[in-house]
Amino acid sequence: MGAEELARWAHEWRTPMLRFAQLHLQPRDEAEDAVQEALLAALHALADRGEQQDPRRYLFGILKHKVTDRLRQKYRQQAWVSLDEGDDLDAVLFDQRDHWVGSAAPAAWRTPEAQLENDQFFAVVDLCIEALPPKPARVFSMKELLDCEADEVCAVLRISKADYWQCMSRARKQLQLCLTQRWFEGVAR
């Protein structure tokens, strides 16, 4: 693979990579640095190993490692201040017996396996993750997108296990609701 191919990849994937990095890294300069490091690492690796079939998976795999390294370094250096988000999402979505409130209940999804192959679906997933509050977004994406274990997420972000599970629960509920409204019910397509 040559520099032209990597330049094409960088042009095509830089913006989604930057969006992903900004979810975890602030200020924007730090996210941009992580993306540039990932692209540089891809250039060096491709020079040694040759052609890659799936640029999205390859580039985001490298970026995940760059973001994780930066997060570990950042949170080792500074103390985490746990913010109570005062989120009453549960009160809106569930009644007093913890049952879904009428229109808030998610609809049955049609063949999610087939939808996963669609690039538009991933664009909607990205939008839904971006819409999450910052703390649940970081916890969710560290666990599900960066493949960190729960203990590692708690250690890096300096949160308790209870706070971790609460963030994961809220993130999953909000993502399910967002995907139901923006994708599975056909609004986004």
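Everything here concerns the structure above.
Report follows, based on the coordinates. (Residues numbered from 1 in each chain as written. Predicted model: local features only at pLDDT ≥ 70, side-chain atom pairs only at ≥ 80, totals over all residues. Heavy atoms only, no water.)

So, the packing of aromatic side chains
Point 1. Per the counting criterion, the structure on display carries 4 aromatic pairs.
Point 2. For the pair phenylalanine 20 and phenylalanine 60, a centre-to-centre distance of 6.0 Å together with 75° between the ring planes defines the contact as edge-to-face. In this pair, phenylalanine 20 is assigned in helix H1 (residues 3-24) and phenylalanine 60 in helix H3 (residues 55-77), connecting sequence segments 40 residues apart. For the pair formed by phenylalanine 20 and phenylalanine 60, the shared burial category is buried.
Point 3. Between tyrosine 164 and tryptophan 165, the ring centres sit 4.8 Å apart and the planes meet at 80°, which makes this aromatic pair edge-to-face.
Point 4. A relative accessible area of 0% means that tyrosine 164 is categorised as buried.
Point 5. Residue tryptophan 165 is classed as partly exposed on the basis of its relative accessible area, which comes to 47%.
Point 6. A network of ring pairs unites the aromatic residues Trp13, Phe20 and Phe60 as a single cluster. (Phe/Tyr/Trp six-rings, centres within 6.5 Å; stacked < 30°, edge-to-face > 60°. Helix = DSSP H or I, 4+ residues; strand = E, 2+ residues; numbered from the N terminus. Buried < 20%, exposed > 50% of the residue type's maximum accessible area, 1.4 Å probe, protein only.)

Let's talk about the state of the cysteines
Point 1. Counted according to the given criterion, the structure contains 1 disulfide.
Point 2. Here cysteine 128 engages in a disulfide with cysteine 178; their sulfurs sit 2.0 Å apart. Between cysteine 128 and cysteine 178, the S-S torsion sits near -80°, and that sign places the bridge as left-handed. Here cysteine 128, found in helix H6 (residues 119-131), pairs with cysteine 178, found in helix H9 (residues 161-184); they are 50 residues apart in sequence, far enough to count as distant. The two residues cysteine 128 and cysteine 178 agree in class, both being buried.
Point 3. Cysteine 154 provides the cysteine sulfur closest to cysteine 167, a residue in no disulfide bond, and the two sulfurs are 9.2 Å apart.
Point 4. You can call cysteine 167 buried: its relative accessible area is 5%. (Disulfide = S-S within 2.5 Å.)

Here we look at unusual backbone geometry
Point 1. With a phi close to 55°, arginine 158 is a non-glycine residue in the positive phi region.
Point 2. Note that arginine 158 resides in the loop between helix H8 (150-157) and H9.

Quick word on helix H7 (residues 134-144)
Point 1. Within H7, 8 of the 11 residues are buried, which leaves the element mostly enclosed by the surrounding structure.
Point 2. Listed in full, the buried residues belonging to H7 are Lys135, Pro136, Ala137, Arg138, Val139, Phe140, Ser141 and Met142.

With respect to the side chain of arginine 70
Point 1. Here arginine 70 lies in helix H3.
Point 2. The exposure class of arginine 70 is buried, given its relative accessible area of 16%.
Point 3. In this structure the side chain of arginine 70 is engaged in a polar contact, spanning 2.6 Å, whose partner is the side chain of glutamate 37.
Point 4. In this structure arginine 70 touches Leu25, Glu30, Asp33, Ala34 and Glu37, once residues within four positions along its chain are discounted. (Polar contact = N/O pair within 3.5 Å; in protein donor to acceptor, adjacent residues only side chain to side chain. Contact = heavy atoms within 4.5 Å.)

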